[in-house]
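What the coordinates show
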Amino acid sequence: MTGRLPPVHPGLADGPVYLDYNATTPVDPRVAEAMLPHLTEFFGNPSSSHPYSAVPRQALTRARAQVADLIGARADEVVFTASGSEADLLAVRGAVLASGRPRPHMITQVTEHPAVLETCHALERLHGVRVTLLPVDGDGLVDPARLAAALTEDTVLVSVMAANNETGALQPVAELAALAHEHGVLFHCDAAQAVGKIPLDVRSLGVDLLTVVGHKMYAPKGAAALYVREGVRLEPVVHGGGQEHGLRAGTENVALAVALGTAAQLAADELADGAAARIAGLRDALHQRLATALPDRVHLNGPEKERLPNTLNVSIDAVLGHELLAAVPEIAASTGSACHSGTHTPSPVLTAMGLDPARALGALRLSLGRWTTAADIETAATALTRVIAAH
């Protein structure tokens with residue numbers, strides 16, 4: 001299998017320039033091709049012992065190994081789930097409840113994904129778990145010293161994401177995990193945005209649990225996985241027939257597992273071919289075009305260097321992000337605000353970083369991906385600057 005790009009994705013051929021890859025990615029045609037036989041031909045239950053089960057069982061084994069290879073794990077440390085949110089639930093709830101502590105304590109941080117934050121709130125409400133939310137600095141990063149100060153004798157888990165979905169900020173995961181381990185505490189990392197975009201190795205990072213999400217790396221929605229280091233005990237998320245090491249019962253969705261495995265292998269091939277550098281070059285070209293055309297009006301949100309190669313989050317003076325995107329039909333992207341009943345509020349991620357509401361409401365998240373081209377960047381920059389200059 002090669003990491004070479006296929007032709008322009010059919011779903012992107014005639015539409016606006018797609019700059020929302022952090023929200024979701026198109027399914028790579030090679031991924032769809034790999035999974036199709038397991039929807040149309042190889043229907044057997046991989047847990048059965050007759051001939052109809054042999055191919056599905058082999059496919060499941062291979063897919064598990066492909067995901068493991070991408071993150072430097074062993075195949076038997078990969079648990080397939082139906083979403084990143086489920087993987088986060090299994091990791092966070094599973095670790096806390098399996099600790100056996102009468103009133104356990106866990107730590108996360110304020111810009112964590114809602115899949116983790118809402119699980120923490122549920123644990124507080126339903127199980128009396130104490131949760132500490134660490135602040136972030138102006139770049140959206142956790143200070144390891146704050147984690148060290150927050151750890152207690154009752155702490156059983158720390159959960160900090162690898163990369164922020166809005167700014168691309170890369171947390172110092174290895175340093176944070178090492179601090180947790182000095183206190184005998186497990187470390188979970190939601191790497192949904194990072195896996196496949198940058199090299200990640202669970203051994204080097206020192207994490208005990210790591211979330212992988214398929215639809216962030218060109219597999220269909222509904223395909224995800226959790227790395228569970230050997231020896232880590234978790235409370236199952238689904239009880240039943242014992243599939244997925246007894247942590248997530250239910251007959252495996254072989255087609256989606258194959259899709260995730262294929263996507264993982266393609267991502268590994270592309271990383272080896274320098275895809276991250278190519279994407280970073282396009283991202284920086286877009287930033288430069290905007291900054292040159294709109295001097296002193298474009299402000300980068302998040303770290304300049306320690307961020308994902310595909311992510312550009314900028315605020316633009318004197319505009320509202322949602323109004324700007326509505327006026328630029330040539331591109332499809334996201335803003336730094338959330339809309340509730342017609343009222344736009346600033347992104348909690350950006351406000352937690354200390355941005356004032358006006359700057360947060362002027363933010364755009366422009367995220368690039370596998371099919372982004374130099375021509376796309378030119379089109380997007382021209383369209384954005386034309387509309388912004390009119391304000």
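Quantities reported herein were computed from a predicted structural model and do not represent experimental measurements.

1. Some remarks on the overall build of the protein
- When helices and strands are counted, the protein shows 14 helices and 15 strands.
- Its C-alpha radius of gyration of 21 Å places the protein within 12% of the 21 Å reference for a compact globule of 391 residues.
- Seen through its principal axes, the protein has C-alpha atoms that stretch 65 × 50 × 40 Å.
- Sequence separation of at least 24 residues holds for 73% of the intrachain contacts in the protein that already meet a minimum separation of 6.
- Accessible surface computed for the protein: about 16100 Å², of which carbon and sulfur atoms make up 55%.
- In the protein, 29 side chains carry a positive charge and 41 a negative one; their mean positions are 2 Å apart.

2. Brief notes about the packing of helix H3 (residues 54-71) against helix H9 (residues 254-272)
- Relative to each other, H3 and H9 sit at 35°, their axes nearing to 8 Å. Note that H3 runs across H9; the crossing there is left-handed. Across the interface between the two elements, Pro56, Ala59, Leu60, Arg62, Ala63, Gln66, Val67 and Leu70 of H3 pack against Val254, Ala257, Val258, Leu260, Gly261, Thr262, Ala264, Gln265, Ala267, Ala268 and Leu271 of H9.
- Grouping the amino acids of the contact of H3 with H9 by side-chain chemistry returns 14 nonpolar, 4 polar and 1 charged.

3. With respect to the state of the cysteines
- Under the counting rule described, the total for this entry stands at 0 disulfides.
- Counting only cysteine sulfurs, Cys189 is the nearest neighbor of Cys120, a cysteine outside any disulfide, at a range of 14 Å.
- Residue classification places Cys120 among the buried positions, given a relative accessible area of 1%.
- Among the residues examined, Cys189 registers a relative accessible area of 0% and is labelled buried.

4. Re the sheet that holds strand S8 (residues 224-228)
- An order of S2-S8-S7-S6-S5-S3-S4 is seen for the 7 strands of this open sheet, with the pairing classed as mixed. Of all strands in the sheet, those with a lone pairing partner are strand S2 (78-81) and strand S4 (130-134), marking the two edges. Between one strand axis and the next, the sheet turns through 20° on average, direction left out of account.
- Bridge analysis of S2 against S8 gives 4 bridges, and the strand direction is antiparallel. Pairing of Thr81 across the sheet is with Ala224, part of S8.
- The strands touched by helix H5 (residues 114-127) within the sheet are strand S3 (105-109), S4, strand S5 (155-159) and strand S6 (186-190), with S3 carrying the most contacts at an inclination of about 155°.

5. Quick word on the sheet that holds strand S9 (residues 298-300)
- Judged by pairing direction, the sheet is antiparallel, and its 4 strands sit side by side in the order S9-S10-S15-S12 without closing on themselves. Only two strands of the sheet have a single neighbouring strand rather than two, namely S9 and strand S12 (334-335).
- In this sheet, strand S10 (residues 311-316) lies alongside S9 in antiparallel orientation, the contact comprising 3 bridges. Bridge assignment links Val298 to a residue of S10, and that residue is Ile316.
- Packed on one face of the sheet, helix H10 (residues 275-293) meets S9, S10 and strand S15 (363-367) and runs near 15° to S10.

6. Digging into the nonpolar core
- Membership of the largest hydrophobic core comes to 66 residues, with the highest contact counts inside it found for Phe187 and Leu210.
- A total of 9 residues in this core trace back to one element, the largest contributor, which is H9.
- The residues contacting Leu210, other than those within four sequence positions of it, are Ile71, His188, Cys189, Ala191, Val195, Val202, Leu205, Ala225, Leu226 and Tyr227.
- Core analysis: the second largest hydrophobic core is formed by 27 residues, Ile316, Ala333, Leu364 and Ala381 among them.

7. Some points on the pattern of salt bridges
- In this structure the tally under the stated criterion is 15 salt bridges.
- As a salt-bridge pair, Arg203 and Glu77 come within 2.5 Å of each other at their nearest N and O atoms. Placement of the pair is Arg203 in helix H8 (residues 202-205) and Glu77 in the loop between H3 and S2, with a sequence separation of 126 residues.
- Owing to a relative accessible area of 2%, Glu77 belongs among the buried residues under this scheme.
- Here Arg283 ties to Asp284 by a salt bridge, and the two come within 2.9 Å at their closest N and O atoms.
- Through salt bridges with shared partners, a single network forms among Asp28, Arg30, Glu270 and Arg370.

8. Brief notes about H10
- For H10, which comprises 19 residues, the first-to-last C-alpha distance of 27 Å matches the rise-based estimate of 27 Å (1.5 Å per residue) to within 8%.
- Check the buried side of H10 and you find it contacts H9, S9, S10, S15 and helix H14 (374-389).

9. What about the pairing of S10?
- With respect to burial, S10 is a largely interior element, 6 of its 6 residues being buried.
- Residue alternation in S10 divides its side chains into two sets, Thr311, Asn313 and Ser315 and Leu312, Val314 and Ile316, and both sets are buried.
- Where S10 meets S15, 5 bridges bridge the pair, whose relative direction is antiparallel. Bridge pairing links Ser315 to Ala363 in S15.

10. Comments concerning helix H7 (residues 173-182)
- Residues Val173, Leu176, Ala177, Leu179 and Ala180 constitute the buried set of H7. Down the axis of H7, the buried side of the element spans an arc of 160°, and every buried residue falls inside it.
- Turning to H7, the residues buried within the fold contact helix H6 (144-150), S5, S6 and H8.
- Looking one or two residues past H7, Gly184 carries a phi angle of roughly 70°, positive in sign.

Reading guide: rules and limits
Residues numbered from 1 in each chain as written. Predicted model: local features only at pLDDT ≥ 70, side-chain atom pairs only at ≥ 80, totals over all residues. Heavy atoms only, no water. Helix = DSSP H or I, 4+ residues; strand = E, 2+ residues; numbered from the N terminus. Rg over C-alpha atoms; globule rule 2.2 N^0.38 Å. Contact = heavy atoms within 4.5 Å. Areas by Shrake-Rupley, 256 points an atom, 1.4 Å probe, with all protein chains shown as cover. Lys, Arg positive; Asp, Glu negative; His and termini not counted. Charge placed at Lys NZ, Arg CZ, Asp CG, Glu CD. Axes fitted to C-alpha atoms, helices over the stretch in contact; angles between N-to-C directions. Left-handed = near helix turned anticlockwise from the far one by under 90°. Nonpolar A, V, L, I, M, F, W, Y, C, P; charged D, E, K, R; others polar. Disulfide = S-S within 2.5 Å. Buried < 20%, exposed > 50% of the residue type's maximum accessible area, 1.4 Å probe, protein only. Pairing = 2+ DSSP bridges. Core = buried A, V, L, I, M, F, W, Y, C linked by side-chain atoms within 4.5 Å. Salt bridge = Lys/Arg side-chain N within 4 Å of Asp/Glu carboxyl O. Expected span 1.5 Å × (residues − 1). Arc of directions from axis to C-beta.

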